[in-house]
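# Structural overview for review
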Amino acid sequence: MPLPDRAASDGFPRCLAELIELCRAHLPARTAEAPEHEEEQRIVLRRALGYLDHDYPDLPEPFFGALVRAAVHDPDPSLDRQFVEPLKAAFGTRRTQQALLEVLTTGTNPERAGAARAWYWASLETLDDLQDRWNRAALGEFVANDDLDVRRCVLPQLTLDPAAYPAGLHPLVAEAVHLARTHSDDYLRHRVELQVADPED
């Protein structure tokens, strides 16, 4: 069961416009005139940022925050990869993951959900210390934050194996599993069964 559909955040069009302006200023040879429609803007940005052919350009510092914001505000958990990959290529996996972890713990609920969606692509290269920090933060977020979209987006990236956590967090893992299994939301109930093999005691 895929993540339920969601509407684009009010901030996403601004994120696209910000990136296109940066590309026109710093990568003019790669950037066409800025189109008006979202799909055309995505195509322009894929080309300019090197996502189409994996020819990622060196990007100056202003792109870092702009790419993080675009990845977080993109409502599509597949298409946000077009921002995460150039971000990692230009600024490194560690810095990218640190930024998403910061958003997960300090952002608004829509931003926290977006950080969880973007984490999938950012974490394809595993950095054990940051993965451990993400696991703990995501576990706490899933249990404590009752925002449905946050929970829906956090759960697929949430490790539910108690062995991945210190003993003191094992009760929180059990609470997360119980919460998902007994939740009124169909997606959470379905998803948790894909991640936890053993029946609940």
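Read on for a plain summary of the structure.

The rules behind these values
Residues numbered from 1 in each chain as written. Predicted model: local features only at pLDDT ≥ 70, side-chain atom pairs only at ≥ 80, totals over all residues. Heavy atoms only, no water. Core = buried A, V, L, I, M, F, W, Y, C linked by side-chain atoms within 4.5 Å. Buried < 20%, exposed > 50% of the residue type's maximum accessible area, 1.4 Å probe, protein only. Helix = DSSP H or I, 4+ residues; strand = E, 2+ residues; numbered from the N terminus. Contact = heavy atoms within 4.5 Å. Expected span 1.5 Å × (residues − 1). Arc of directions from axis to C-beta.

### Some remarks on the nonpolar core
Among the nonpolar cores identified, the biggest contains 58 residues, and Phe 63, Phe 83, Phe 142 and Leu 158 are the most heavily contacted of them. Per element, the largest residue contribution to this core is eight residues, and it comes from helix α3 (residues 62–73). Beyond its immediate chain neighbours, meaning those up to four positions away, Leu 158 contacts Asn 135, Ala 138, Leu 139, Phe 142, Tyr 165 and Gln 195.

### Let's talk about helix α1 (residues 12–26)
Between its first and last C-alpha atoms α1 spans 21 Å; for 15 residues at 1.5 Å apiece the expected length is 21 Å, and the two agree. Restricting attention to buried positions, one finds in α1 the residues Phe 12, Cys 15, Leu 16, Leu 19, Ile 20, Leu 22 and Cys 23. Down the axis of α1, the buried set is contained in an arc of 160 degrees. They therefore lie on one face. Away from its buried face by more than 90 degrees, α1 exposes Arg 14 and Ala 25. Elements in contact with the buried residues of α1: α2 (38–48), α3 and α4 (81–91).

### Notes on unusual backbone geometry
Excluding glycine, residues mostly have negative phi values, and the peptide bonds linking residues are mostly trans. In this structure, His 54 is a non-glycine residue whose phi angle is positive, near 60 degrees. Mapped onto the fold, His 54 is located in the loop between α2 and α3. On the basis of relative accessible area, His 54 is assigned to the exposed category, the value being 58%.

### Side note on the environment of Leu 59
Summarising the element assignment, Leu 59 is placed in the loop between α2 and α3. On the basis of relative accessible area, Leu 59 is assigned to the buried category, the value being 11%. Along the primary structure Leu 59 and Gly 107 are separated by 48 residues, whereas in three dimensions their C-alpha atoms are 25 Å apart. The contact partners of Leu 59, leaving out residues within four places of it in the chain, are Leu 27, Leu 49, Leu 67, Pro 86, Ala 90 and Phe 91.

That's the geometry; what it means functionally is another story.
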